[in-house]
Amino acid sequence: MGDMTVSKLYFLSLMTLSYIVGELTHFLINTTSREVAREVEFGEKSCFVNGSFVSDEEEDKDRFDCSESKNETHCGSEKHCYWEYSGLGIQYQVLAGPSFILVFIFSAVFLAILSDWLYDKLSRTLMLSVGTATFSTACLLMGLAGQYWQLVILRMMIAAGLSVCRPVSGGLIAELFSASSRGVANGIFSWGVYYGYGLAFVFGIYITRADVLGYGWRAPYVLAALPGLVLAVLLATTVKDPRQKDTEATAKASSDGRAYFRTLARSFLSPSMLILLLAAFFRHTAGYCWAYNTRLFFQTYYPDFDIGLWTFSASVFGGSFG
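Residues numbered from 1 in each chain as written. Predicted model: local features only at pLDDT ≥ 70, side-chain atom pairs only at ≥ 80, totals over all residues. Heavy atoms only, no water.

A closer look at the packing of helix H1 (residues 6-40) against helix H6 (residues 124-142)
Helix-helix packing is characterised by the crossing angle of the two axes and by the distance between the axes. H6 packs onto H1 with a crossing angle of 30° between their chain directions and a minimal axis gap of 10 Å. The angle between H1 and H6 places the two elements in the roughly parallel class. Handedness of the crossing formed by H1 with H6: left-handed. Here Phe11, Met15, Ser18, Val21, Gly22, Thr25, Leu28 and Ile29 of H1 come into contact with H6, specifically with Thr125, Leu128, Thr132, Phe135, Ser136, Cys139 and Met142. For the contact of H1 with H6, the residue count by class is 9 nonpolar, 6 polar and no charged. (Axes fitted to C-alpha atoms, helices over the stretch in contact; angles between N-to-C directions. Helix = DSSP H or I, 4+ residues; strand = E, 2+ residues; numbered from the N terminus. Parallel < 35°, antiparallel > 145°, perpendicular 65-115°, else oblique. Left-handed = near helix turned anticlockwise from the far one by under 90°. Contact = heavy atoms within 4.5 Å. Nonpolar A, V, L, I, M, F, W, Y, C, P; charged D, E, K, R; others polar.)

And the structure:
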């Protein structure tokens, strides 16, 4: 723990905060999908109870359950029901999943393949700054979007920016901290995904409900993006890439393209790597399926349960202990 100096902790704090903001922008669509769908108009429609409808106790006993209505005509015939976008449907799933995941995968793989070649040509702090600025700007613009295709493009930009965070920060942590404190540093940095996911519920539910300046669901996207833009400036101007002294050897190794790709293929196709890849495939498939549909599940089946603080606490405190 002797190499945990103030400057290194400051560097680690910037990377961790950047990761938190990145994951917040990543999962914010999960907690705002119904509000976004109703204004931008995409996805499926369902029948909902009109909360402003006033009825007496006798009527309540025999009142039709709006959720059982499957079409607009039937729904509209009931005075206490209304037909509206639910936030569900294939368009939401494409927006939450494939539009993010596909770009994230290919961006991360592309960056990993070129990492050695880029090592002595581009500052990693600058790369991290650009990635942070990218997902923050995209999140800000999502708060201004008015059409579905704009949301998809901006979601892809969030994926491209966030794909830089983990690999670049991992490399920087490996060089900043010795083996004795590297595990602690990586553990602190990994809080980012838990804090970001938990904060997505606070921003998406409570800030949307607060209707800041009358902007509704748009306010969380703007407010979530602003810290990221500040962090991007700080990463670009206040910290430097801790280059190792073996830059020349690294450059030689990466200059021989065939040898580099042979080594890369040999490492990637090793049994241990393939098993880890398979395990990660199942873990993230299950994790993202749940993460992208958590609030929608509770809105559909348990609409009176306030999931916000429960999920925030479970993610932040559980993730911190983990």
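Describing helix H9 (residues 218-237)
Its 20 residues place the ends of H9 30 Å apart at the C-alpha level, agreeing with the 28 Å of an ideal helix rising 1.5 Å per residue. Buried within H9 are the following residues: Arg218, Ala219, Pro220, Tyr221, Ala224, Ala225, Gly228, Leu231, Ala232 and Leu235. Of the surrounding secondary structure, the elements contacted by the buried residues of H9 are H1, H6 and helix H8 (179-210). (Expected span 1.5 Å × (residues − 1). Buried < 20%, exposed > 50% of the residue type's maximum accessible area, 1.4 Å probe, protein only.)

Comments concerning the packing of aromatic side chains
Within this structure, the stated rule accounts for 18 aromatic pairs. With 5.6 Å between their ring centres and 90° between their planes, Trp217 and Tyr221 make a pair best called edge-to-face. Residue class for Trp217 comes out buried when judged on its relative accessible area of 3%. A relative accessible area of 1% places Tyr221 in the buried class. Relative to Tyr302, the ring of Phe297 lies with its centre 6.1 Å away and its plane at 55°, an arrangement referred to as tilted. Counting every residue linked through ring pairs, the aromatic cluster contains Trp290, Phe297, Phe298, Tyr301, Tyr302 and Phe305. (Phe/Tyr/Trp six-rings, centres within 6.5 Å; stacked < 30°, edge-to-face > 60°.)

Structural notes on the side chain of Thr311
Structurally, Thr311 is set in helix H14 (residues 308-321). Thr311 has contacts with Tyr197 and Phe201, leaving out every residue within four places of it along the chain.

Topic: the pattern of salt bridges
Applying the stated criterion across every chain, the model contains 4 salt bridges. With a shortest N-O distance of 2.8 Å, Arg218 and Glu39 are connected by a salt bridge. Remark: Glu39 occurs in helix H1 and Arg218 occurs in helix H9; sequence separation between them is 179 residues. In this structure Glu39 comes out as partly exposed when scored by relative accessible area, which is 45%. Look at the salt bridges and you will find they share partners, linking Arg124, Glu175 and Asp241 into a network. (Salt bridge = Lys/Arg side-chain N within 4 Å of Asp/Glu carboxyl O.)

Re the state of the cysteines
As enumerated under the stated definition, the model contains 2 disulfides in all. A sulfur-sulfur separation of 2.1 Å characterises the disulfide bridge that pairs Cys47 with Cys75. Measuring the twist about the S-S bond at about 80°, one finds the Cys47-Cys75 disulfide to be right-handed. Placement of the pair is Cys47 in strand S1 (residues 45-49) and Cys75 in helix H3 (residues 72-76), with a sequence separation of 28 residues. The burial state of Cys47 is the same as that of Cys75; both residues are buried. (Disulfide = S-S within 2.5 Å.)

Things to note about the environment of Val202
Looking at the secondary structure, you find Val202 in helix H8. Distance from Val202 to Pro220, taken between C-alpha atoms, is 9.2 Å for residues 18 residues apart in sequence. Not counting chain neighbours up to four residues away, the residues in contact with Val202 comprise Ile207 and Phe312.

Regarding a nonpolar patch on the surface
A cluster of nonpolar residues, Phe268, Leu269, Met273, Leu274, Leu276 and Leu277, forms a patch on the protein surface that exposes about 570 Å² of accessible area. Top element by residues in the nonpolar patch is helix H12 (residues 271-291). It accounts for 4 residues. Of note, Leu269 is situated in the loop between helix H11 (257-268) and H12. We classify Leu269 as exposed; its relative accessible area is 55%. (Patch = residues over 30% accessible without salt bridge, like charges linked within 9 Å, V, L, I, M, F, W, Y side chains within 5 Å. Areas by Shrake-Rupley, 256 points an atom, 1.4 Å probe, with all protein chains shown as cover.)

Some details on the nonpolar core
Judged by nonpolar contacts, the single largest core of 63 residues is most densely connected at Met15, Ile29, Val36, Phe42, Leu151 and Tyr221. Those elements that provide at least two residues to this core are H1, helix H4 (90-96), helix H5 (98-119), H6, helix H7 (148-176), H8, H9 and helix H13 (294-301). Beyond its immediate stretch of four places on either side in the chain, Phe42 contacts Ser33, Val36, Ala37, Tyr85, Gln91, Tyr92, Leu95, Tyr148 and Leu151. (Core = buried A, V, L, I, M, F, W, Y, C linked by side-chain atoms within 4.5 Å.)

A short note on the confidence of the model for the protein
Looking at the protein, the pLDDT average stands at 87 and 89% of residues meet or exceed 70. Looking at the elements of the protein, mean pLDDT is at its lowest for helix H10 (residues 247-255), recorded as 51, and at its highest for H9, recorded as 97. (pLDDT = per-residue confidence, 0-100.)

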